[in-house]
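An overview of the molecular structure
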Amino acid sequence: MRIAVTGSIATDHLMTFPGRFADQFVADQLHTVSLSFLVDNLDVRRGGVGANIAFGMGQLGTNPILVGAAGSDFDDYRAWLDRHGVDTGSVRISETLHTARFVCTTDADHNQIGSFYTGAMSEARLIELKTVADRVGGLDLVLIGADDPEGMLRHTEECRSRQIPFAADFSQQIARMNGDEIRILLEGATYLFSNEYEKGLIESKTGWSDEEILSKVGHRVTTLGSRGVRIEQAGQDPIEVGCAEEERKADPTGVGDAFRAGFLSGLAWGVSLERAAQVGCMLATLVIETVGTQEYQLRRVHFMERFMKAYGDAAAEEVRKHLG
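Rules and cut-offs
- Residues numbered from 1 in each chain as written.
- Predicted model: local features only at pLDDT ≥ 70, side-chain atom pairs only at ≥ 80, totals over all residues.
- Heavy atoms only, no water.
- Helix = DSSP H or I, 4+ residues; strand = E, 2+ residues; numbered from the N terminus.
- Rg over C-alpha atoms; globule rule 2.2 N^0.38 Å.
- Buried < 20%, exposed > 50% of the residue type's maximum accessible area, 1.4 Å probe, protein only.
- Contact = heavy atoms within 4.5 Å.
- Areas by Shrake-Rupley, 256 points an atom, 1.4 Å probe, with all protein chains shown as cover.
- Arc of directions from axis to C-beta.
- Polar contact = N/O pair within 3.5 Å; in protein donor to acceptor, adjacent residues only side chain to side chain.
- Pairing = 2+ DSSP bridges.

Quick notes on the overall build of the protein chain
- Helix and strand counts for the protein chain stand at 11 helices and 13 strands.
- Relative to the globule expectation of 20 Å for 324 residues, the C-alpha radius of gyration of the protein chain, 20 Å, shows essentially globular dimensions.
- When its C-alpha atoms are laid out on the principal axes, the protein chain stretches across 60 × 45 × 40 Å.
- Put simply, the protein chain has 324 residues, and 52% of those count as buried.
- In the protein chain, the proportion of contacts linking residues at least 24 apart, taken out of those at least 6 apart, comes to 66%.
- Looking at the protein chain as shown, the accessible area adds up to about 14,800 Å², and 47% of this sits on carbon and sulfur atoms.

Right under this line is the structure:
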């Protein structure tokens, strides 16, 4: 099963300021703020929802096709993804713009000052999925993840016109989208991904009830935080899967991306929706135990031991055949 993952490709530049931002502001001079903070450290991490999901699928051996836009500074990141089983042959390289970048400084009180540079991400709208499909011999599913909003709309319309099954996954972009855009992006989706808060926001912005949305998509997949995930389909009883036990909680960033990577890998293997959700929850647990969205290691034996403990021998035996 050939799955293309469209979505943002970015790097995060994270710095720590040992003092408090609040101590640096002068109340009657806020209209002319000019500050520079001497920071203690700098962490540069690979990110972007498209790249995060593709990385997780690559770790599981399902060879995803990453579709997105990056800058000429993408060479090292590309090599990293290539080494971890991701097909980066359909990443568009901008001739003028840098790869999208998030720059953030956090103070001692955990307040943050950050900036997001979209850069080459804005060129995602120029990527044609037919070109991707022709290169790899066809596409069985396209995940349309958070990216350039116009690019998301164009990918969705192309999937419909070419009758390519697609999964709608708005995540970070849902806050800036209006009801009309969300309706276009979800109608006819084989899968609709969201967390609980986003689920309510989708219903509020579209004006559609839960039942109406279920009638317009094949499956609604809602992540429930520490309670796992719920999968709904019109006329069917919901499927609920709990999380695997955490060994520690280090950083929640990228947990949703990891779930999607595991779930989509399960679909690529052809296992049941319940089993796919279990793989997603297990991979998400590895990510929450690690600082960074692509810093975890998937050691097969360790993964299967924990998977079996969480979901039982029969489930583990089925997944083991695909994981290797």
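What about helix α6 (residues 196-206)?
- Looking at α6, one finds that the buried residues are Glu198, Lys199, Ile202, Glu203 and Thr206. In a view along the axis of α6, the buried residues occupy a sector of 140 degrees, so they form one face of it. Those residues of α6 that are exposed and aimed more than 90 degrees away from the buried face are Tyr197 and Ser204.
- On its buried face, α6 is in contact with α5 (179-186), β10 (191-195), α7 (210-216), β11 (219-223) and β12 (229-232).
- Two or three places before Tyr197, at the start of α6, stands the capping residue Asn195, its side-chain oxygen 3.1 Å from that residue's backbone nitrogen.
- Phi turns positive one or two residues past the end of α6, at Gly207, with a value near 80 degrees.

Some remarks on the pairing of β12
- Side chains of β12 alternate between two faces, with Val229 and Ile231 and Arg230 and Glu232 buried alike.
- Inspection of the sheet shows β11 paired to β12 by 4 bridges, in the antiparallel sense. Each bridged residue has a counterpart across the sheet, and for Thr222 the counterpart in β12 is Arg230.
- Once β11 ends, the chain turns through 5 residues before running back antiparallel as β12, passing Gly225 with a positive phi of about 65 degrees.
- Hairpin connection from β12 to strand β13 (residues 239-241): 6 residues lie between these consecutive antiparallel strands, with Gly235 at a positive phi of about 80 degrees.

Read these as geometric descriptors, not functional statements.
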